[in-house]
Amino acid sequence: DKPIAVFGCHDRAYVPVNIVPGYDHLIEQMPPVLAWGKNFATVPLASRSFGDTFRILASLDGTNVQVNGATVAVLARGQYHQRILTARSQITASSPVLVMQYSNSQSWDGTLADPFMMLVPPMEQYLPGYTISTPATGFLRNYVNVTAPDPAVGLITLDGVPIPPAQYQPIFVTGFSGAAVSISSGTHVLAGPLPFGVAVYGFNDYDSYGYSGGLNLSPIVNVTSLELDPPTAQILVGNSHCVTVTLADTFGNPVEGVRVDLAVSGSNNTVGFAFTDAFGEAVWCYAGTFPGPDVITATMG
């Protein structure tokens with residue numbers, strides 16, 4: 001009847017299960033089911049040769065899971081699908097799922113490494129900025145994986161310096177690209193003009209760590225309706241036009257803290273985002289510089 005935290009863990013795991021030697025503890029805090037999502041973009045762990053292990057856990061019966069557009073499983077509630085992914089990939093599901101990425105044992109590819117378990121945030125829960133930290137000592141290699149919407153490629157900064165576009169590669173047909181960037185020990189700040197995903201990890205001889213750099217934990221599973229107002233408007237060129245997007249649950253109650261993505265196409269092309277307030281409303285404005293019709297699209301997830 002009061003807030004709690006739940007951790008999943010294993011104290012001496014080989015990954016995959018038949019790979020020895022190279023074992024380590026796995027631990028991750030579990031996000032609430034209301035914050036699970038349907039859309040995921042993955043980036044392979046840097047320096048590994050033969051891919052990473054992924055598990056996809058279903059929250060509802062009849063959950064169809066696709067990887068790069070192909071159905072790989074239909075899961076019942078509480079069932080999971082496990083597979084190795086070697087390339088940047090898209091994971092989608094018909095109902096909310098939990099996705100974990102596992103570093104494989106060192107003997108998997110002979111690279112300095114060891115197992116860890118790392119939450120993969122759904123794209124619906126990405127944020128526009130993160131502060132991350134590596135262990136102070138003990139790891140020869142530290143990395144950050146970034147999954148960025150294509151309009152933000154080259155604009156996301158690491159400690160104030162843009163990550164070069166050449167470091168990104170497309171992630172299937174998601175409209176996102178992924179980069180694996182080597183970082184020094186210590187604290188780092190990432191920021192971008194649009195929400196993006198971050199994962200932090202590092203390796204040493206039979207040792208490793210990994211964690212999600214952060215995520216929103218809004219109850220996106222509760223959202224059942226989205227309305228954008230006003231439906232039409234006439235605005236003079238150069239003036240701001242504001243829209244209000246309202247999210248509600250099955251009972252018409254407002255859903256707070258959920259990110260809404262907005263895109264303008266037509267005479268003026270731009271993108272943006274906003275978070276809903278206590279009334280379930282997200283307000284977003286833009287100014288058009290060219291005459292002609294625009295179409296504004298609002299999406300959640």
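Residue numbering note: each chain is counted from 1, following its sequence as written. Since the coordinates come from a predicted model, pLDDT governs what is reported: local features require at least 70, and pairs of side-chain atoms require 80 or more to be given and counted, while whole-chain, interface and lining totals use all residues. Here the side-chain values reflect all heavy atoms present in the structure, with hydrogen atoms and water set aside.

A. Up close: the environment of D11. Secondary structure follows DSSP: runs of H or I at least 4 residues long count as helices, runs of E at least 2 residues long count as strands, and numbering of each begins at the N terminus. Structurally, the position occupied by D11 is in strand β1 (residues 7-14). Exposure remark for D11: the relative accessible area of 66% places this residue in the exposed category. In this structure the C-alpha to C-alpha distance between D11 and M30, which are 19 residues apart in sequence, comes to 17 Å. Any two residues having at least one pair of non-hydrogen atoms within 4.5 Å are treated as being in contact. In this structure, D11 is in contact with D24 and H25, ignoring residues within four places of it in sequence. Buried, partly exposed and exposed residues are distinguished by accessible area as a fraction of the type maximum, computed with a 1.4 Å probe on protein chains only: under 20%, between the cut-offs, and over 50%, respectively.

B. Representation of the sheet that holds strand β21 (residues 270-275). Read across the sheet, three strands follow the order β21-β20-β23 without closing on themselves; strand pairing throughout is antiparallel. Strands at the two margins of the open sheet, each flanked by one partner only, are β21 and β23 (294-299). Mean inter-strand twist for the sheet, computed between neighbouring axes without regard to direction, equals 20 degrees. In this structure, strand β20 (residues 259-266) lies alongside β23, joined through six bridges in antiparallel fashion. Bridging across to β23, S265 finds its partner in V295. Strand pairing is assigned whenever DSSP detects at least two bridges linking the two strands. Between the N-to-C directions of two axes lies an angle of 0 to 180 degrees, each axis being a line fitted to C-alpha atoms and, for a helix, fitted only over the stretch in contact.

C. Structural context of the packing of aromatic side chains. Aromatic rings from Phe, Tyr and Trp, taking only the six-membered ring of Trp, are treated as a pair when their centres fall within 6.5 Å; an angle between ring planes under 30 degrees marks them as stacked, one over 60 as edge-to-face, and anything in between as tilted. In the structure shown here, the tally under the stated rule is 10 aromatic pairs. Arranged with centres 6.4 Å apart and planes meeting at 35 degrees, the rings of F116 and Y201 form a pair that is tilted. Highlighted residues: F116 in strand β9 (residues 116-119) and Y201 in strand β16 (residues 187-204), separated in sequence by 85 residues. Seen from their ring centres, Y130 and F196 are 5.2 Å apart, and the 70 degrees between their planes marks the pair as edge-to-face. Taken together, the residues Y130 in strand β10 (residues 127-133) and F196 in strand β16 connect sequence positions 66 residues apart. The class of Y130 is buried, set by a relative accessible area of 5%. One aromatic cluster is present, built from ring pairs that chain together F116, Y143, Y201 and F203.

D. Representation of the side chain of H81. Topologically, H81 is positioned in strand β7 (residues 80-85). Separated by 3.0 Å, the side chains of H81 and R83 make a polar contact. Among all residues touching H81, those that are not within four sequence positions of it are F54, R55, I56, V72, A73 and L75. Here a polar contact is taken to be a pair of N or O atoms separated by no more than 3.5 Å, where protein atoms must pair a possible hydrogen donor with a possible acceptor and residues adjacent in sequence count only if both atoms sit in side chains.

E. Broad picture of the state of the cysteines. Sulfur atoms of two cysteines make up a disulfide when they are within 2.5 Å. A complete count under the given rule lists one disulfide for this structure. Each sulfur in the disulfide pair C242 and C285 lies 1.9 Å from the other. Here the S-S torsion is close to 105 degrees, and the disulfide linking C242 with C285 is therefore right-handed. Here C285 lies in strand β22 (residues 281-287) and C242 lies in strand β19 (residues 240-248), a separation of 43 residues in the sequence. A relative accessible area of 37% means that C242 is categorised as partly exposed. Residue C285 is classed as partly exposed on the basis of its relative accessible area, which comes to 38%.

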